[in-house]
Amino acid sequence: MKIVTILGARPQFIKASVVSCAFQNAGIEEIIIHTGQHFDRTMSDIFFQDLDLPQPKYHLNIHSLNHGAMTGRMMEKIEEILLQIKPDWVCVYGDTNSTIAGALVAAKLQIPISHIEAGLRSYNREMPEEINRVVTDRLSQLLFAPTPLAVQCLAKEGIFQGVHLVGDVMMDAILTYLTKAQQTSQILEKLDLVNQKFYLATIHRPSNTDNCDRLQNILENLSHLNYPVVFPMHPRTLAKVQQQEMTRYLEAIQVIPPVSYLDMLILEKNCQAVLTDSGGMQKEAYILGRPCFTLRDETEWQETVEVGWNHLVKPENLYQSLTNFSTPIHAPQLYGEGDAAIRIADILLAA
């Protein structure tokens, strides 16, 4: 069996590292296309090094464009490659422009699609990611759902065929790499955070960064919390802060460049709470036993909210929410047993 995997963004590299290992162990030939959507070394190349992810055979180097232009150019290049390779399956992850580009091309070439992390819904159609995930699910023949809620979301849309509840490959990744991170990462020492209380923040979604008033509100409130805030800042977020002349708010925030996955695991594991608009970090925080405060109006990981570990908050309510938070007693196993990648490989082989 020959599978083409299409990747482009940081969370996809992390997930693919464990799935690619399962493919290799199952005797599946995998060819990786890296669209280049995340192009900075700290957002891309370092993951292939740290996580032993096979190097991509094709690197498209497509980035820093508007959604339509980026997706269109990806489709053009992906189509050329798929026509040459003629794979049995195309594998896509999550909800990025790379995801939808790969799914659209495969569908038009009548190559079956497997969608890892299928069925997630925020029900906010203003999010580009929501459009990408809904369309990709409609086009896919195999839909690998991470949670029962994801299966339910697909069922509400009339999608039953090809749906498999496999657990979350992010759980696989954390179980695989946390020990390595604890043994090798020096990020706490580097940032002088050993035995220190701190919050970990990430903000990158356009709904937060492209709205000047909202971005200012977030930065202002992050700068007035009861513990220091460590903020690995996405290059796009930093550019917006500089363009809007908001750098004064960063004086009270410990802004650092994006860090490797191993360093991020250590920061997440040791912080008092995660403050984010990232879907992946909401889930990672839960798995690592850290409370999360999500600076959005909705989340695709609603189950973390329902069990009390994740809170949707407005920036102006962040301090009060943090100081009033009480850690829940129970943390149910929401994301499987850490064998999602093996299940995915087995199902593909049997398809």
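Residues numbered from 1 in each chain as written. Predicted model: local features only at pLDDT ≥ 70, side-chain atom pairs only at ≥ 80, totals over all residues. Heavy atoms only, no water.

**Details of the overall build of the chain**
- When helices and strands are counted, the chain shows 16 helices and 13 strands.
- Taken against the 2.2 N^0.38 rule, which gives 20 Å for 351 residues, the C-alpha radius of gyration of the chain at 20 Å falls within 12% of a compact globule.
- Along the first, second and third principal axes, the C-alpha atoms of the chain reach 55 × 45 × 40 Å.
- Out of the 351 residues belonging to the chain, those deemed buried represent 56%.
- Across the chain, every contact between residues at least 6 apart in sequence was considered, and the portion connecting residues at least 24 apart equals 69%.
- Of the accessible surface of the chain, which amounts to about 15,000 Å², a share of 48% is contributed by carbon and sulfur atoms.
- The average position of the 28 basic charges and that of the 39 acidic charges among the side chains of the chain differ by 2 Å. (Helix = DSSP H or I, 4+ residues; strand = E, 2+ residues; numbered from the N terminus. Rg over C-alpha atoms; globule rule 2.2 N^0.38 Å. Buried < 20%, exposed > 50% of the residue type's maximum accessible area, 1.4 Å probe, protein only. Contact = heavy atoms within 4.5 Å. Areas by Shrake-Rupley, 256 points an atom, 1.4 Å probe, with all protein chains shown as cover. Lys, Arg positive; Asp, Glu negative; His and termini not counted. Charge placed at Lys NZ, Arg CZ, Asp CG, Glu CD.)

**Thoughts on the environment of isoleucine 31**
- Secondary-structure assignment places isoleucine 31 in strand S2 (residues 29-34).
- Isoleucine 31 sits 311 residues away from isoleucine 342 along the chain, and the two C-alpha atoms are 18 Å apart.
- Residue contacts for isoleucine 31: discarding those within four places in its chain leaves Lys2, Ile3, Val4, Thr5, Lys57, Tyr58 and Ile85.

**Focus: the nonpolar core**
- Judged by nonpolar contacts, the single largest core of 55 residues is most densely connected at Tyr261 and Leu267.
- In this structure, Phe231, Met233, Ile253 and Phe293 belong to the second largest nonpolar core, which totals 24 residues. (Core = buried A, V, L, I, M, F, W, Y, C linked by side-chain atoms within 4.5 Å.)

**Looking at the sheet that holds strand S13 (residues 310-312)**
- What the 6 strands build is an open sheet, ordered S10-S9-S8-S11-S12-S13; its pairing is parallel. At either margin of the open sheet sits one strand with a lone partner, and together these are strand S10 (254-256) and S13. Shown here is a sheet whose adjacent strand axes are inclined to one another by a mean of 20°, direction ignored.
- The sheet contact formed by strand S8 (residues 199-202) and strand S11 (residues 273-276) spans 4 bridges and is parallel. If you follow alanine 201 over to S11, its bridge partner there is leucine 275. (Pairing = 2+ DSSP bridges. Axes fitted to C-alpha atoms, helices over the stretch in contact; angles between N-to-C directions.)

**Some details on the environment of glycine 158**
- Of note, glycine 158 is situated in the loop between helix H6 (148-156) and strand S7 (163-165).
- Accessibility expressed as a relative area gives 48% for glycine 158, which makes it partly exposed.
- The spatial distance from the C-alpha of glycine 158 to the C-alpha of alanine 26 is 32 Å, given a sequence separation of 132 residues.

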